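Geometric and topological summary
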Amino acid sequence: MRFLLVLSLSFLFSATSNFNVEGMMCGVGCVNKIKAHIGSLDGVKTCDVSFEKGIMTVEYDEQKINDKLIMKTLSDKTTYSCSNVKKDEKPKGFFKRIFSWF
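Notes on the structure follow.

What counts and how
Residues numbered from 1 in each chain as written. Predicted model: local features only at pLDDT ≥ 70, side-chain atom pairs only at ≥ 80, totals over all residues. Heavy atoms only, no water. Helix = DSSP H or I, 4+ residues; strand = E, 2+ residues; numbered from the N terminus. Buried < 20%, exposed > 50% of the residue type's maximum accessible area, 1.4 Å probe, protein only. Contact = heavy atoms within 4.5 Å. Polar contact = N/O pair within 3.5 Å; in protein donor to acceptor, adjacent residues only side chain to side chain. Axes fitted to C-alpha atoms, helices over the stretch in contact; angles between N-to-C directions. Parallel < 35°, antiparallel > 145°, perpendicular 65-115°, else oblique. Left-handed = near helix turned anticlockwise from the far one by under 90°. Arc of directions from axis to C-beta. Pairing = 2+ DSSP bridges. Core = buried A, V, L, I, M, F, W, Y, C linked by side-chain atoms within 4.5 Å.

Our focus in this paragraph is the overall build of the chain. Assigned secondary structure in the chain consists of four helices and four strands. Tracing the chain from N to C terminus, the helices and strands come up as α-β-α-β-β-α-β-α. Expressed as a percentage of its 102 residues, the buried residues of the chain come to 33%. Within the chain, contacts between residues at least 6 apart in sequence are counted, and of these 64% link residues at least 24 apart.

Here we come to the side chain of serine 14. For serine 14, the location among the structural elements is in strand S1 (residues 14-22). Polar contacts involving the side chain of serine 14 include one to the side chain of glutamate 59, which spans 3.2 Å.

Relative orientation of the contacting elements helix H2 (residues 29-39) and helix H3 (residues 67-77) amounts to 125°, with a least axis distance of 10 Å. By the angle between their axes, H2 is oblique relative to H3. The chirality of how H2 crosses H3 is right-handed. Two secondary-structure elements touch here, H2 through Ile34, His37 and Ile38 and H3 through Ile70, Thr73, Leu74 and Lys77.

Here we take up H2. Every buried residue of H2 is listed here: Cys30, Val31, Ile34 and Ile38. What you see down the axis of H2 is that its buried residues fit within an arc of 100°, all on one side. On its buried side, H2 packs onto S1, strand S2 (44-50), strand S3 (55-61) and H3.

We now examine the pairing of S3. S3 sits mainly inside the fold: five of its seven residues count as buried. Bridge analysis of S1 against S3 gives seven bridges, and the strand direction is antiparallel. Its bridge partner lying in S3, serine 14 is registered against aspartate 61. Relative to S3, S2 runs antiparallel, the two being bridged by six bridges.

The biggest cluster of nonpolar side chains holds 21 residues, and the ones touching the most others in it are Ile34, Ile38, Met56 and Val58. Taken together, the elements giving at least two residues each to this core come down to S1, H2, S2, S3 and H3. Of all the elements, H2 adds the most residues to this core, at four residues. Discounting chain neighbours no more than four positions away, the residues touching valine 58 are Ala15, Thr16, Ser17, Phe19, Ile38, Val44, Thr46, Cys47 and Ile70.

What follows is the structure, given as C-alpha cells:
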C-alpha cells in the first residue's frame, strides 16, 4: 500500500520538458557530458539527448527543479546553450494534464 502511495505522489509532481541544444559537435562525448551535468541535478529523474535532432528531454520533479534551472545549469557548466522547444503538445505537469481535460 505504501508503495502505491509513493508511486502516486512521485507521478503527481513529475514533469517532462524538451530543450533545443546548440553547440554539440559529436554524438558521444557531447551527449555524455550533457547527460552527466543535467542527470546529476537534484530532482532530475531521466535525461535523454539526441545529437541528431539537437534535442534534450528531461523528466524531473517539479517540486525540486524547473526548466530555467536546467537551462542555466547547462549554459553555466558547459559550452552548450539550450532553449525550450516550442510546444504544440499537451501541458507537461500532472495537474496541468488533468486540468486540461476540463
